[in-house]
Amino acid sequence: CLGKIHGMISSPNLAQMTSDQLRTFAAQLLSQVETMGKKIHRVETVNEQLSHEIALLKRHKFAKRSEQLSPDQGSLLDDLLDTDIAAIEAELKAVNPPAAPAEPRQQPKRAPLPPQFPRTVIRHEPENTQCACGCQLQRIGEDVSEKLDYTPGVFTVEQHVRGKWACRDCETLIQAPVPAQVIDKGIPTAGLLAHVMVAKFADHLPLYRQEKIFGRAGLAIARSTLAQWVGQTGVQLQPLVDALRETLLAQGVLHADETPVQMLAPGQKKTHRAYVWAYCTTPFAAHKAVVYDFSPSRAGEHARNFLGAWNGALVCDDFAGYKASFLQGITEMGCMAHARRKFFDLHATNKSQLAEQALHSIGGLYEIERQARDMSDEERWRIRQEKAVPLLDTLHTWMLAQRDLVPEGSAIAKALDYSLKRWAALARYADDGAVPIDNNWVENQIRPWALGRSNWLFAGSLRSGKRAAAIMSLIQSARMNGHDPYAYLKDVLTRLPTHRASEIDQLLPHRWAPA
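Everything quoted here is computed from the prediction, not taken from an experiment.

A.B. asks: Describe in detail the overall build of the protein chain, supporting the description with residues and values.
C.D. replies: Across its full length, the protein chain holds 17 helices and 9 strands. Out of the 515 residues in the protein chain, the part that is buried amounts to 45%. Residue pairs at least 24 apart in sequence account for 66% of intrachain contacts in the protein chain once pairs closer than 6 positions are excluded. As presented, the protein chain carries roughly 27100 Å² of accessible surface, and 52% of it is formed by carbon and sulfur atoms.

The following block contains the structure:
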């Protein structure tokens, strides 16, 4: 440590320093020691946490399997454990970059890719074959590496050829660098990784099913290998998801909703209910984005932790978990669709005339929204003030009058109470042209989770749930912006290894353009 500090602070001649200068210099040294001590402590803490987590996962992976798990559930759990372990190992590697070994270790030889797969040769040669000494370099050999690519039903191989060039006079040897990959020294191309990720998180195909599909194409990639790829790729994509969240929280209006997902904690014999929270921009926003947040419960603290210091307008249902956020400066925007649904259900069951009248008035509000759909926020605000506000006032007055007439505890009383108790939040949209009338937009964005639950049955851990939430955030945001998720992820995974961290927002779905 002292050697590092010595290099960070210029070393003056101590003999020529005054007592004040010596005290200042000593204070600088102590400050540096304290800073480095805190950094070392943080790294040691992360190491300890990740090492403990990976030890638990490995113990559960090789422990006796519960008889309450079906074969399919057991396969799913194996996939999730392998993926979690690979992700943690990738995080540990990032925290502790491996030191260069004194002598290169002999790597285990990988089985060659099947010779029957079509090959595409990609050559990498130096830009300049003129030696610094003035001589012309001579090509004396080459290194060949192969990457596995995949399009549905067909495996192909990218054969990367790197020529070796030498100077016969000064014995200089140069060679084009190895192309950067998301998985260092791995065999999958960005296209194959993108296919695995989209199949798992967009098409909801568990890895044990993908293993069988790949087998029919000529190479049964072990699900444990696929799980390692998913875990490592998820870690590499996380900075992109973090940037997407920052973009989302820069918006003045957001939607929020949540849906249950079963989560199986390793070592336990049953699942419990976890939740995925969805936060997205509005249909009127310039940026189209959604970020999912996987949490172990439905407690309101999870919404507060995600939103942080954000204090815009939140369109949501009447779930109590958001209430504390409204006390901290966030503006509540109600969902007219939820209010309408109460009257719709009442009319559908017993043909209530009062419910029909309410539906007619609410339908008038939605007709105004259809007229204003393609307007600017300012124009939308004006038409709402002109047409929606009088209709809202009339509807509110009518509801108050009817509530005094209907029996206490009746179904129509409950439907009226739902709207009347939330009237301020329900009517607030009319005062801001950037706010939608309801929360239907985010309900559409959370639908992929409902579709996926029947295929992957449960999340194997909090970590696997958060990984799924992160990757599905990118996939669904790509869809919202009109991109094919596979094309988007393939291009991003190709560019990510060499992309500047300071320019990561260029790869976000709403800014992305194919290279």
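A.B. asks: Please set out the pattern of salt bridges residue by residue, giving values where relevant.
C.D. replies: Applying the stated criterion across every chain yields a total of 23 salt bridges. Where R123 meets E142, a salt bridge forms, and the shortest distance between an N and an O atom there is 4.0 Å. With R123 in strand 1 (residues 119-124) and E142 in strand 2 (residues 138-151), the pair connects residues that are 19 residues apart, well separated along the chain. Classification of E142 as partly exposed rests on a relative accessible area of 38%. Among the salt bridges present, the one from E443 reaches R341, with a minimum N-O distance of 3.9 Å. Of this pair, E443 sits in helix 14 (residues 440-445) while R341 sits in helix 9 (residues 336-350), placing them 102 residues apart in sequence. Take R341: its relative accessible area is 34%, and that puts it in the partly exposed class.

A.B. asks: Report on the pairing of strand 5 (residues 253-264), specifying residues and quantitative values.
C.D. replies: Burial of strand 5 is extensive: 10 of the 12 residues sit out of reach of the surface. One ladder, built from 3 bridges, connects strand 5 with strand 8 (residues 313-315); its direction is parallel. Paired with V253 across the bridge in strand 8 is A313. As judged from the 10 bridges shared by strand 5 and strand 6 (residues 271-280), these two strands associate in the antiparallel manner. Its bridge partner being in strand 6, H255 is matched across the sheet by C280.

A.B. asks: Give a detailed account of the packing of aromatic side chains, specifying residues and quantitative values.
C.D. replies: Centre distance and the angle of the planes are the two values used to describe a pair of aromatic rings. What the rule picks out here adds up to 10 aromatic pairs. A centroid spacing of 5.6 Å and a plane angle of 45° characterise the contact between F155 and F214, whose relative ring orientation is tilted. One end of the pair, F155, is in strand 3 (residues 154-166); the other, F214, is in helix 5 (residues 207-216), with 59 residues separating them in the sequence. When its relative accessible area of 2% is taken as the criterion, F155 is described as buried. Note on F319 and Y322: the rings are 5.6 Å apart at their centroids and 90° apart in plane angle, and the pair reads as edge-to-face. Neither F319 nor Y322 differs from the other in exposure class; each is buried. These aromatic residues form a ring-pair network of at least three members: F117, Y150, F155 and F214. A cation sits over an aromatic face here: R245 above F306, 4.8 Å from the ring centre. Cation over ring: R380 sits above F284, and NZ or CZ is 3.6 Å from the ring centre.

A.B. asks: Give me the state of the cysteines: which residues, what numbers.
C.D. replies: Taken as a whole and assessed by the stated rule, the structure comprises 0 disulfides. For the unlinked cysteine C135, the closest cysteine sulfur is that of C133, found at 3.6 Å. The exposure class assigned to C135 is partly exposed, which follows from its relative accessible area of 22%. Just so you know, C170 is unpaired, no disulfide at all, and the nearest cysteine sulfur is the one on C131, 3.4 Å from it.

Parameters at a glance
Residues numbered from 1 in each chain as written. Predicted model: local features only at pLDDT ≥ 70, side-chain atom pairs only at ≥ 80, totals over all residues. Heavy atoms only, no water. Helix = DSSP H or I, 4+ residues; strand = E, 2+ residues; numbered from the N terminus. Buried < 20%, exposed > 50% of the residue type's maximum accessible area, 1.4 Å probe, protein only. Contact = heavy atoms within 4.5 Å. Areas by Shrake-Rupley, 256 points an atom, 1.4 Å probe, with all protein chains shown as cover. Salt bridge = Lys/Arg side-chain N within 4 Å of Asp/Glu carboxyl O. Pairing = 2+ DSSP bridges. Phe/Tyr/Trp six-rings, centres within 6.5 Å; stacked < 30°, edge-to-face > 60°. Lys NZ or Arg CZ within 6 Å of the ring centre and 35° of its normal. Disulfide = S-S within 2.5 Å.

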